[in-house]
Amino acid sequence: MLNTLIFVVLPYVALALVLVVTPYRFFSNRLGWTAYSTQFLERRTLYWGINPWHYGIILILLAHLAGIVAPGVMKRLLGNKDALIFLESVGLGLGFLALFGSIILLLRRANSTTLKRLTLVSDWVLLLLLITQTATGVYISLFMRWGSQWYLHTVVPYFYSLISFNPQLEYMADFPLIFKLHAAGAFLIVALLPFTKLVHMLYQPFTFLKDPPILYRWQSKPKERVG
Ligand code: HEM
């Protein structure tokens, strides 16, 4: 029952929400479809949260994707013991970096009255979910060795079975609960994507290349500034 919920129901519901809600929100209210920057209110702590978070998590997600897009190449690469140890160590370092960044992002909001006022329930939920997701990932990497290898023989065929609308639960059914939580967390994050700040994942990589950076200027004199 739990397996069916996590590995069949959740991924398809998440996919349906992304496919239906994302274009709906984009076309019904383009201005609300954004990540509401708070950089102009506080930037020093943001720097120490956002950089470790993004550099860590983007590379880790690309590694997750590499196994799905090029399983043959990854199998050959990770079949070499030195490459396996090297890549797992780099992955672990990146995992800790992302965990550090995400915790800083949460504390930054929790410790500022001004930011707290501007933080929506969806922002808190998303941050807590991302921290949990990163923490369970680091746990798996540390205590269920060698994840990058067994991922190729379990998660990858499961993903292919999902994509071909013939989900094969047997690849995932016997994993420990912590792994199931990691998978459920991932599908939940995808499901929440169109409702939260995370929508910026869909446009930021493109606008970043196209648009000039936004420059915020205070209109008051420095002494009159609030926050
Ligand atoms: C929102 C999506 C996801 C995020 C943010 C995420 C995040 C992470 C992080 C931070 C790590 C730790 C990396 C390290 O320290 O080496 C990790 C590891 C791992 N994740 Fe995910 N993950 C996601 C989706 C998934 C999914 C859908 C699966 C499979 C069903 C999965 C399976 C794994 C495995 C097997 C590891 C261990 C890799 C290793 O030991 O090298 N992840 N994940």
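This text follows the structure it describes.
Residues numbered from 1 in each chain as written. Predicted model: local features only at pLDDT ≥ 70, side-chain atom pairs only at ≥ 80, totals over all residues. Heavy atoms only, no water.

Engineer: I'd like to hear about the overall build of the chain, residue by residue, with values.
Structural biologist: Of the regular secondary structure elements, the chain holds 10 helices and zero strands. Element order for the chain, N to C, with α for helix and β for strand: α-α-α-α-α-α-α-α-α-α. Counting across all 227 residues of the chain, residues that qualify as buried make up 38%. Partitioning the intrachain contacts of the chain with sequence separation of at least 6 by distance along the chain shows that 79% fall at a separation of at least 24. Element-wise, carbon and sulfur atoms account for 71% of the exposed surface of the chain, whose accessible area totals about 14400 Å². (Helix = DSSP H or I, 4+ residues; strand = E, 2+ residues; numbered from the N terminus. Buried < 20%, exposed > 50% of the residue type's maximum accessible area, 1.4 Å probe, protein only. Contact = heavy atoms within 4.5 Å. Areas by Shrake-Rupley, 256 points an atom, 1.4 Å probe, with all protein chains shown as cover.)

Engineer: Give a detailed account of the packing of aromatic side chains, specifying residues and quantitative values.
Structural biologist: For the coordinates displayed, the defined rule picks out nine aromatic pairs. Centroid distance Phe7 to Tyr158: 5.5 Å. Interplanar angle 80°. Geometry classified as edge-to-face. Of this pair, Phe7 sits in helix α1 (residues 2-28) while Tyr158 sits in helix α8 (residues 155-163), placing them 151 residues apart in sequence. A relative accessible area of 0% places Phe7 in the buried class. Judged by its relative accessible area of 1%, Tyr158 is buried. Judged by centre distance (5.7 Å) and plane angle (70°), the ring pair of Trp150 and Phe179 falls under edge-to-face. Here Phe179 lies in helix α9 (residues 177-192) and Trp150 lies in helix α7 (residues 147-153), a separation of 29 residues in the sequence. Each residue in the set Phe7, Tyr158 and Phe159 is aromatic and connected to the rest through ring pairs, giving one cluster. Residue placement shows Arg145 over the ring face of Trp146; its charged tip is 4.5 Å from the ring centre. (Phe/Tyr/Trp six-rings, centres within 6.5 Å; stacked < 30°, edge-to-face > 60°. Lys NZ or Arg CZ within 6 Å of the ring centre and 35° of its normal.)

Engineer: A description of the coordination of the iron atom of the ligand should follow, citing residues and the corresponding values.
Structural biologist: Of the protein atoms, only His64 (NE2) and His182 (NE2) coordinate the iron atom of the ligand, at distances of 2.0 to 2.1 Å. Its six donor atoms give the iron atom of the ligand angles of 86 to 179° at the centre, a pattern that matches the octahedral case. With His64 in helix α2 (residues 44-69) and His182 in helix α9, this pair connects stretches of sequence that are 118 residues apart. Classification of His182 as buried rests on a relative accessible area of 14%. (Donors = N, O, S within 2.8 Å, 3.2 Å for Na, K, Ca; no water. Tetrahedral: all angles 85-135°; square planar, octahedral: opposite > 155°, others 65-115°.)

Engineer: Lay out the site of the ligand with the relevant residues and their values.
Structural biologist: Taken together, 25 residues form the shell around the ligand, and within it His64, Glu88, Gly91, Ser141 and His182 come nearest. One nitrogen or oxygen atom from the side chain of Ser141 is found 3.1 Å from an oxygen atom belonging to the ligand. At the level of elements, α2, α4 (81-110), α6 (121-143), α7, α8 and α9 are the ones that each hand at least two residues to the shell around the ligand. Top contributing element to the shell around the ligand by residue count: α6, with six residues. (Near = heavy atom within 4 Å. Polar contact = N/O pair within 3.5 Å; in protein donor to acceptor, adjacent residues only side chain to side chain.)

Engineer: Which residues make up the pattern of salt bridges, and what values do they have?
Structural biologist: The tally for this structure, following the rule as stated, stands at two salt bridges. Put simply, Glu42 and Arg108 hold a salt bridge, and the shortest N to O gap is 2.6 Å. One end of the pair, Glu42, is in the loop between α1 and α2; the other, Arg108, is in helix α4, and 66 residues separate them in sequence. What makes Arg108 buried here is its relative accessible area of 6%. A salt bridge links Arg145 to Glu88; the nearest nitrogen and oxygen atoms lie 3.4 Å apart. You can see Arg145 sitting in the loop between α6 and α7 and its partner Glu88 sitting in helix α4, a full 57 residues away along the chain. (Salt bridge = Lys/Arg side-chain N within 4 Å of Asp/Glu carboxyl O.)

Engineer: Outline unusual backbone geometry, supporting the account with residue identities and numerical values.
Structural biologist: In this structure, the amide linkage connecting Arg145 to the following residue, Trp146, adopts the cis form with an omega of -20°. Tracing the backbone through its elements, the reader meets Trp146 in the loop between α6 and α7. Here Phe165, not a glycine, exhibits a phi torsion of approximately 55°, which is positive. Mapped onto the secondary structure, Phe165 falls in the loop between α8 and α9.

Engineer: Tell me what's going on with the side chain of Thr196, and back it up with residues and numbers.
Structural biologist: Relative to the elements of secondary structure, Thr196 occurs in the loop between α9 and α10 (200-210). Discounting residues that sit within four places of it in the chain, Thr196 has contacts with Arg25, Ser122 and Leu126.

Engineer: How would you explain the nonpolar core if you had to name every residue and give the values?
Structural biologist: Among the nonpolar cores identified, the biggest contains 22 residues, and Phe7, Met172 and Phe179 are the most heavily contacted of them. Going through the elements one at a time, α1, α3 (71-78), α7, α8 and α9 are the ones with two or more residues in this core. Apart from residues no more than four positions distant in its own chain, Met172 is found in contact with Phe7, Thr154, Val155, Tyr158, Phe179 and Lys180. Listed in part, the 15 residues of the second largest apolar core include Leu99, Leu105, Leu106 and Leu126. (Core = buried A, V, L, I, M, F, W, Y, C linked by side-chain atoms within 4.5 Å.)

No statement about biological role is implied by the geometric values presented.
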